[in-house]
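Chains, contacts and geometry: an overview
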Amino acid sequence: LLGMSPELAGFIGPIACVALCGLSSSVFISSPSISLEGKNLWILKSLPVDAGDILLAKAELHMLITLPPIILTATVCNLALDLTPISRVMIYILPGAVTAFCALFGVAVNLRFPKFDWVNETVAVKQGISSLIAMFGGMAVIALPTVLYIFAFKGMLKTDTYMIICTVVLVVICFALYKHLKTGGKRIFEAL
């Protein structure tokens, strides 16, 4: 359908990339992961494992579940769509960076807003403020750069260049979240 519209024909790669990023950002497995420990949090804290590694393991599980479908879908898009060489690569890298961001951001937010007083697990997942923040944070990470490109940078930057810039920014943010979980997040977890 995109190929039928002459105006959108050049944007097939970026639109597919944004769609995959949107799918990736709609998953928030890591955001209730600390809250789900509930009254058994003491078991995790008593393990002879670094608290930072425990937090990163929660983010890694999110990525382990989310990345394979994204890679499969990106491969299908590469086979089915007429993409530029940069878009063919970015359709894997940018959604991967969004997945890493959502995983790390979810754990970081859940550290700040844990919900341990639940009776049923669905309360921690569906009614926890950390799930809400992670859901809207993931959406914002996709919507903000997209809207910014459409209204501010469309005539100045090529879409492929803009996707590379967005990926670099996301990787820097992911690195900052990683460092936070290994240092400050570790202290917050130990104080819970």
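Just above, that's the structure.
Quantities reported herein were computed from a predicted structural model and do not represent experimental measurements. (Residues numbered from 1 in each chain as written. Predicted model: local features only at pLDDT ≥ 70, side-chain atom pairs only at ≥ 80, totals over all residues. Heavy atoms only, no water.)

A word on the packing of helix α7 (residues 159-182) against helix α8 (residues 184-191)
- The interhelical angle for the contact between α7 and α8, taken along N-to-C directions, is 40°, at an axis separation of 3 Å. Judged by the inter-axis angle, α7 sits oblique to α8. Of the residues in α8, those in contact with His180, Leu181 and Lys182 of α7 are Gly184, Gly185, Lys186 and Ile188.
- Within the contact of α7 with α8, the residues separate by chemical class into two nonpolar, three polar and two charged. (Axes fitted to C-alpha atoms, helices over the stretch in contact; angles between N-to-C directions. Helix = DSSP H or I, 4+ residues; strand = E, 2+ residues; numbered from the N terminus. Parallel < 35°, antiparallel > 145°, perpendicular 65-115°, else oblique. Contact = heavy atoms within 4.5 Å. Nonpolar A, V, L, I, M, F, W, Y, C, P; charged D, E, K, R; others polar.)

Things to note about helix α6 (residues 129-153)
- An ideal rise of 1.5 Å per residue puts 36 Å on 25 residues; α6 measures up with 34 Å between its terminal C-alpha atoms.
- Along α6, the sharpest change in direction is near 25° and occurs at alanine 140. (Expected span 1.5 Å × (residues − 1). Bend = angle between axes of the 7 residues up to and from the residue.)

Notes on α7
- Its 24 residues place the ends of α7 34 Å apart at the C-alpha level, agreeing with the 34 Å of an ideal helix rising 1.5 Å per residue.
- Tucked into the core, α7 has its buried residues touching α1 (12-25), α3 (51-80), α4 (85-112), α6 and α8.

Structural notes on the pattern of salt bridges
- The full count for this structure, using the stated rule, is five salt bridges.
- Here aspartate 50 and lysine 182 are joined by a salt bridge, their closest N and O atoms 3.6 Å apart. Here lysine 182 lies in helix α7 and aspartate 50 lies in the loop between α2 (41-46) and α3, a separation of 132 residues in the sequence.
- Note on aspartate 50: relative accessible area 26%, which makes it partly exposed.
- With relative accessibility at 26%, the residue lysine 182 sits in the partly exposed group.
- Close ionic contact of lysine 182 with aspartate 53 constitutes a salt bridge, the shortest N to O distance being 2.7 Å. Of this pair, lysine 182 sits in helix α7 while aspartate 53 sits in helix α3; the two residues are 129 residues apart in sequence, bridging distant segments of the chain.
- One salt-bridge network, held together by shared partners, links Asp50, Asp53, Lys182 and Lys186. (Salt bridge = Lys/Arg side-chain N within 4 Å of Asp/Glu carboxyl O. Buried < 20%, exposed > 50% of the residue type's maximum accessible area, 1.4 Å probe, protein only.)

A closer look at the packing of aromatic side chains
- On inspection of all chains with the given rule, the structure shows two aromatic pairs.
- Consider the rings of phenylalanine 101 and phenylalanine 105, whose centres lie 5.1 Å apart with planes at 15°: the pair is stacked. Of this pair, phenylalanine 101 and phenylalanine 105 are both found in helix α4, four residues apart, which corresponds to roughly one turn of the helix. Grouping residues by exposure puts phenylalanine 101 and phenylalanine 105 together as buried.
- Between the aromatic rings of tyrosine 149 and tyrosine 162, the centroid separation amounts to 4.9 Å while the plane-to-plane angle is 40°, which identifies the pairing as tilted. On the criterion of sequence distance, the pair formed by tyrosine 149 in helix α6 and tyrosine 162 in helix α7 is long-range, its members being 13 residues apart. Summarising the burial analysis for this pair, tyrosine 149 and tyrosine 162 share the class buried. (Phe/Tyr/Trp six-rings, centres within 6.5 Å; stacked < 30°, edge-to-face > 60°.)

In short, shape yes, function no, at least from these values alone.
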